[in-house]
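# Coordinate analysis (summary)
Below are the chains, spelled out letter by letter.
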Amino acid sequence: MAAEPIIELKNICVTFKEDKRDVHAVDHVDLNVDRGDIYGVVGYSGAGKSTLIRVINLLQRPTNADASVKVNGTDLLGLDASKLRGERRKIGMIFQHFNLMQSLSIADNVDFALKKAHLSKADRKKRVAELLELVGLTDKADDYPAQLSGGQKQRVGIARALANRPDILISDEATSALDPKTTVAILDLLADLNRKLGLTVVLITHEMDAVKRICNRVAVMEAGRLVETGDLLQIFSQPEAPLTKDFIDTTTHLESALAAVNQQAAIKHLQVGSVLVQLGYQGESTDQPLITELYRRFEVSANILYGNLEILQGTPVGNLLVILSGTPKHTEQALVFMKEQRVSVKVLKSGTEEVSVHD
Ligand SMILES: Nc1ncnc2c1ncn2[C@@H]1O[C@H](COP(=O)(O)OP(=O)(O)OP(=O)(O)O)[C@@H](O)[C@H]1O
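Since we're looking at a predicted model, the values are computed, not measured.

What counts and how
Residues numbered from 1 in each chain as written. Predicted model: local features only at pLDDT ≥ 70, side-chain atom pairs only at ≥ 80, totals over all residues. Near = placed C-beta within 6 Å. Helix = DSSP H or I, 4+ residues; strand = E, 2+ residues; numbered from the N terminus. Nonpolar A, V, L, I, M, F, W, Y, C, P; charged D, E, K, R; others polar. Domains from an automatic or database assignment. Pairing = 2+ DSSP bridges. Contact = placed C-beta atoms within 7 Å. Axes fitted to C-alpha atoms, helices over the stretch in contact; angles between N-to-C directions. UniProt positions renumbered as here; feature names shortened; annotations may be inferred. Parallel < 35°, antiparallel > 145°, perpendicular 65-115°, else oblique. Left-handed = near helix turned anticlockwise from the far one by under 90°. Buried ≥ 20, exposed ≤ 12 C-beta atoms within 10 Å, placed from the backbone.

### Here we look at the site of the ligand
Taken together, 13 residues are adjacent to the ligand, and Phe-16, Ala-25, Ser-45, Ser-50 and Thr-51 come closest. Those elements that provide at least two residues to the shell around the ligand are β2 (22–34) and α1 (49–56). Looking at the shell around the ligand, the element that brings in the most residues is α1, giving three residues. Classifying every residue of the shell around the ligand by side-chain character gives four nonpolar, six polar and three charged.

Here it is in structure tokens:
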């Protein structure tokens, strides 16, 4: 099915005037999200993620004249206040600190979002019950926010955000205050809602693990700009920007593994014909047949020092740190062979010491 754009941001700038200087929180950004995407925007604190994402529903207006904000094909910048309020109802939002009303019961917190929905009292009650069931909180309807755990509070936030049947849900660091297990449960709920309701999700986070778990597309943001955008698999297997590599390392731990590996004597004194390589592969090419093949074809042996295998969007993505050893010519042939197998090969170190006959 052809991708259908649902969010089209073009040339977005947001500049805040501080005392004596301008803060370019968002600096000439284009962002396109397709219907049904779970789109992750990842970046460190202060990168401009929240500001950018608030532009989608114009809680934050671009400060340049030539920006364009289209949602569901509608140019939001061209709408009057009342029409904009209508369009905003089609965009739900959830936040890190839940923003629940402490004096209202869980059911009433959700019901509050239906104030402008023009439903009868009975229909509102029915809708609230449906929403609480959707997020697994039916038995908490009469409780108050203070009685709930963080994860349950965020479920209320999600139910409230979905009250008006939005097409888009924006999640602004919604799992940042939660423990890892609860984070996973909330992310899985978002993925489930994406599938069940066809909901498009924009997920802002500083945690690559969250992106990895549920997103199909990713934008990496730094100092107001998108430094890299792409499909999850592409970004994970072939990151280009240094910041993207940093973020990916927070989940694969390849850099820290490499630092430890570099301390090993075998690496410090790598022999001629031996190379330390980083191999990256996805899909069919799994490590074991490949390594067997290297020996069979070239008599090059492979010593795996570190391996990381993940399943991203149902596809295995692997990273290995390996010492390959053989004659210099055979090792070279083995490297060429692996590249032909569509394995990404990065030589990290080549041997310089002659093999001692006593070794
Ligand atoms: N209302 C404001 N007035 C002035 N500066 C602001 C305002 N809002 C944000 N900024 C500045 O804009 C930059 C981007 O902030 P923003 O909150 O969008 O980043 P972020 O990536 O979402 O980070 P965090 O996760 O910490 O919120 C920061 O330098 C911030 O200080």
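Moving on from the coordinates now.
### Examining the domain arrangement of the chain
Parsing the chain into structural domains produces domain 1 (5–90 + 166–250), domain 2 (99–163) and domain 3 (254–350). For domain 2 and domain 3, the distance between their C-alpha centroids amounts to 52 Å.

### A word on the pairing of strand β12 (residues 301–312)
Where β12 and strand β13 (residues 315–325) come together, eleven bridges link them in antiparallel fashion. Within β13, the residue paired with Ala-302 across the bridge is Leu-324. Where β12 folds back on β13, the antiparallel hairpin that results is connected by two residues, among which Gln-313 adopts a positive phi of roughly 50°.

### Remarks on the sheet that holds β2
Strand order across the open sheet formed by four strands is β2-β1-β4-β5, with antiparallel pairing between neighbours. Because the sheet does not close on itself, it has two edges, and the strands there are β2 and β5 (74–75). Across two bridges, the pairing between strand β4 (residues 68–71) and β5 is antiparallel. Note that in β5 the partner of Val-71 across the bridge is Thr-74. The strands touched by α1 are β1 (5–17), β2 and β4; relative to β1, the strand with the most contacts, the crossing angle is about 125°.

### Focus on the UniProt feature "domain: ABC transporter" (unreviewed entry) in the chain
Sites flagged by UniProt as "domain: ABC transporter" (unreviewed entry) map to residues 7–248. Helix makes up 36% of residues 7–248 and strand 26%, with an end-to-end C-alpha separation of 26 Å.

### Examining the sheet that holds strand β11 (residues 274–282)
Read across the open sheet, the four strands follow the order β12-β13-β11-β14; overall the sheet is antiparallel. The two strands at the open ends of the sheet, each matched to only one other strand, are β12 and β14 (344–350). On average, each strand axis in the sheet is tilted by 15° relative to the strand beside it, whichever way the strands run.

### Points about the packing of helix α5 (residues 150–161) against helix α6 (residues 180–197)
Interaxial distance between α5 and α6 falls to 10 Å at its minimum, and their mutual angle equals 20°. When the axes of α5 and α6 are compared, the pair comes out roughly parallel. Handedness of the α5/α6 crossing: right-handed. Here α5 contributes Gly-150, Gly-151, Gln-154 and Ile-158 to the contact with α6, which in turn contributes Thr-182, Ala-185, Ile-186 and Leu-189. Within the contact of α5 with α6, the residues separate by chemical class into four nonpolar, four polar and no charged.

### A short note on the pairing of β4
Burial along β4 is one-sided: the face carrying Val-69 and Val-71 is buried and the face carrying Ser-68 and Lys-70 is not. As judged from the four bridges shared by β1 and β4, these two strands associate in the antiparallel manner. By the bridge assignment for β4, Ile-7 is matched with Val-71. Connecting the antiparallel pair β4 and β5 is a turn made up of two residues, with Asn-72 showing a positive phi of about 55°.

### Considering the environment of Arg-160
The topology assignment puts Arg-160 in helix α5. Accessibility expressed as a C-beta count within 10 Å gives 26 for Arg-160, which makes it buried. On a C-alpha basis, the gap between Arg-160 and Leu-132 in space is 9.0 Å, while along the polypeptide they are 28 residues apart. In this structure Arg-160 touches Asn-109, Val-110 and Ala-113, once residues within four positions along its chain are discounted.

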